[in-house]
Amino acid sequence: MCAHRSPSAVGTRLTCVASLIAPSILSADFAHLADEAAAVSGGGGADWLHVDVMDNHFVPNLTLGLPVVKSLRAATDLPLDCHLMIDDPDRWAVGFAEAGAYNVTVHAEAVADPVSMALDLRAAGAKAGLSLKPGTDLDDWVEVLRDYDTLLIMTVEPGFGGQSFMPEMMDKVRRARTMVQTGHLTVVVQVDGGINADTIAIAAEAGADCFVAGSAVYDAQDPLAAVRALRRTVER
Ligand code: DX5
Ligand code: ZN
């Protein structure tokens with residue numbers, strides 16, 4: 001098993017290339033989040049549970065915050081992968097790490113001091129993630145990414161589930177993978193938005209190794225079977 005599947009790996013580098021599947025609870029039933037986490041847990045199921053935090057400022061949508069993450073932490077053993085689509089993450093992100101999130105991702109377009117952010121997240125016991133919106137150039141963030149554990153490449157405009165995958169983002173994924181292979185970066189390369197049975201193969205081929213899927217998992221009749229099917233496709 002890859003070291004970063006386990007919360008006990010906090011503090012280590014995330015360098016192996018086994019694939020990770022992270023169902024997004026944005027498409028789950030918010031009144032039954034503990035059950036929805038359980039619904040994707042089990043053999044071949046979710047590696048991480050992706051939690052989309054939106055503030056109606058950075059994105060035009062409002063979801064959930066720290067109290068819900070604290071409750072989720074107590075309700076599931078799955079590592080929580082918190083994706084903060086919020087303004088002023090410098091103020092809020094460490095709180096999610098302190099609440100027990102496994103990985104906390106902030107947006108490059110919102111963070112004021114990305115290097116301190118990564119240090120602070122790691123000091124609080126979490127992995128540090130940086131996310132790029134579709135229009136944000138990877139080249140501008142390469143130096144900063146040397147301090148990060150995960151790179152989240154958005155394959156839709158952030159804000160809503162159920163949007164269509166943007167294949168033109170695969171160039172960014174390919175370049176990130178090359179930087180990992182050549183030792184310039186040690187990040188997990190994560191994709192988020194429009195990932196389903198068809199598009200996951202495209203993203204895997206381009207070099208992604210962590211796949212967020214919301215509607216493809218939680219709109220399915222059997223969410224656990226949907227996660228297993230996504231994993232089989234990637235591993236093929
Ligand atoms: C969108 C969120 C995603 C969302 C993905 O801004 O960051 O995590 O849940 O949903 P799907 O997989 O339905 O595109
Ligand atoms: Zn997300």
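One can find the structure itself at the top, above this paragraph.
The sections below set out a description of the structure shown in this document. All values reported here derive from a predicted model rather than from experimental measurement. (Residues numbered from 1 in each chain as written. Chains lettered and ligands numbered in written order. Predicted model: local features only at pLDDT ≥ 70, side-chain atom pairs only at ≥ 80, totals over all residues. Heavy atoms only, no water.)

A few words now on the packing of helix H7 (residues 199–206) against helix H9 (residues 223–235). Put simply, H7 and H9 touch, their axes get as near as 9 Å, and they point 40° apart. Accordingly, the angle class assigned to the pair H7 and H9 is oblique. The hand of the H7/H9 crossing is right-handed. When H7 is examined against H9, the residues Ile 200, Ala 201 and Ala 204 are found in contact with a partner set consisting of Leu 230, Thr 233 and Val 234. (Axes fitted to C-alpha atoms, helices over the stretch in contact; angles between N-to-C directions. Helix = DSSP H or I, 4+ residues; strand = E, 2+ residues; numbered from the N terminus. Parallel < 35°, antiparallel > 145°, perpendicular 65-115°, else oblique. Left-handed = near helix turned anticlockwise from the far one by under 90°. Contact = heavy atoms within 4.5 Å.)

Among the residues of helix H4 (residues 114–123), Pro 114, Met 117, Ala 118 and Leu 121 are the ones counted as buried. Relative to the axis of H4, the buried residues are bounded by an arc of 95° and lie together on one face. Turned more than 90 degrees from where H4 packs its buried face, Leu 119 and Ala 123 sit exposed. Of the residues trailing H4, Gly 125 is marked for its positive phi of about 100°. (Buried < 20%, exposed > 50% of the residue type's maximum accessible area, 1.4 Å probe, protein only. Arc of directions from axis to C-beta.)

Under ideal tetrahedral coordination, the four donors around a metal are separated by 109.5 degrees; under ideal octahedral coordination, the six donors are separated by 90 or 180 degrees. Bound to the zinc ion (ligand 2) on the protein side are His 50 (NE2), Asp 52 (OD), His 83 (ND1) and Asp 192 (OD), at distances that span 2.1 to 2.3 Å. Between the 6 donor atoms coordinating the zinc ion (ligand 2), the angles at the centre fall across 71 to 172°, so the site counts as octahedral. Coordination of the zinc ion (ligand 2) draws on donor residues from a single chain, spaced H-x1-D-x30-H-x108-D in sequence. A residue pair is termed long-range when its members are at least 10 positions apart, and Asp 52 in strand S2 (residues 49–54) and Asp 192 in strand S7 (residues 188–192) qualify at 140 residues. Overall, Asp 52 belongs to the buried group, its relative accessible area being 6%. Judged by relative accessible area, which is 8%, Asp 192 ranks as buried. (Donors = N, O, S within 2.8 Å, 3.2 Å for Na, K, Ca; no water. Tetrahedral: all angles 85-135°; square planar, octahedral: opposite > 155°, others 65-115°.)

What follows is about the sheet that holds strand S1 (residues 20–23). On the basis of which strands lie adjacent, the open sheet formed by 8 strands has the order S1-S8-S7-S6-S5-S4-S3-S2 and parallel pairing. Pairing within the sheet leaves two strands with one partner each, and these edge strands are S1 and S2. Direction aside, the axes of adjacent strands within the sheet are offset by 25° on average. Relative to strand S4 (residues 103–107), strand S3 (residues 80–85) runs parallel, the two being bridged by 3 bridges. Directly across from Asp 81, in S4, lies its bridge partner Asn 103. Sheet strands touched by H4: S4 and strand S5 (127–132). Its angle to S5, the strand with the most contacts, is close to 145°. Across the sheet, H9 is in contact with S1 and strand S8 (210–213); its angle to S1 comes to roughly 150°. (Pairing = 2+ DSSP bridges.)

Turning next to the state of the cysteines. By the definition in use, this model includes 0 disulfides. This cysteine, Cys 82, is not joined by any disulfide, and Cys 210 carries the nearest cysteine sulfur, 13 Å off. (Disulfide = S-S within 2.5 Å.)

Structurally, the position occupied by His 107 is in strand S4. Leaving out residues up to four positions away in the same chain, His 107 has contacts with Phe 58, His 83, Leu 84, Met 85, Leu 130, Ser 131, Leu 132, Lys 133, Met 154 and Pro 158.

Shape descriptors only; they carry no functional weight alone.
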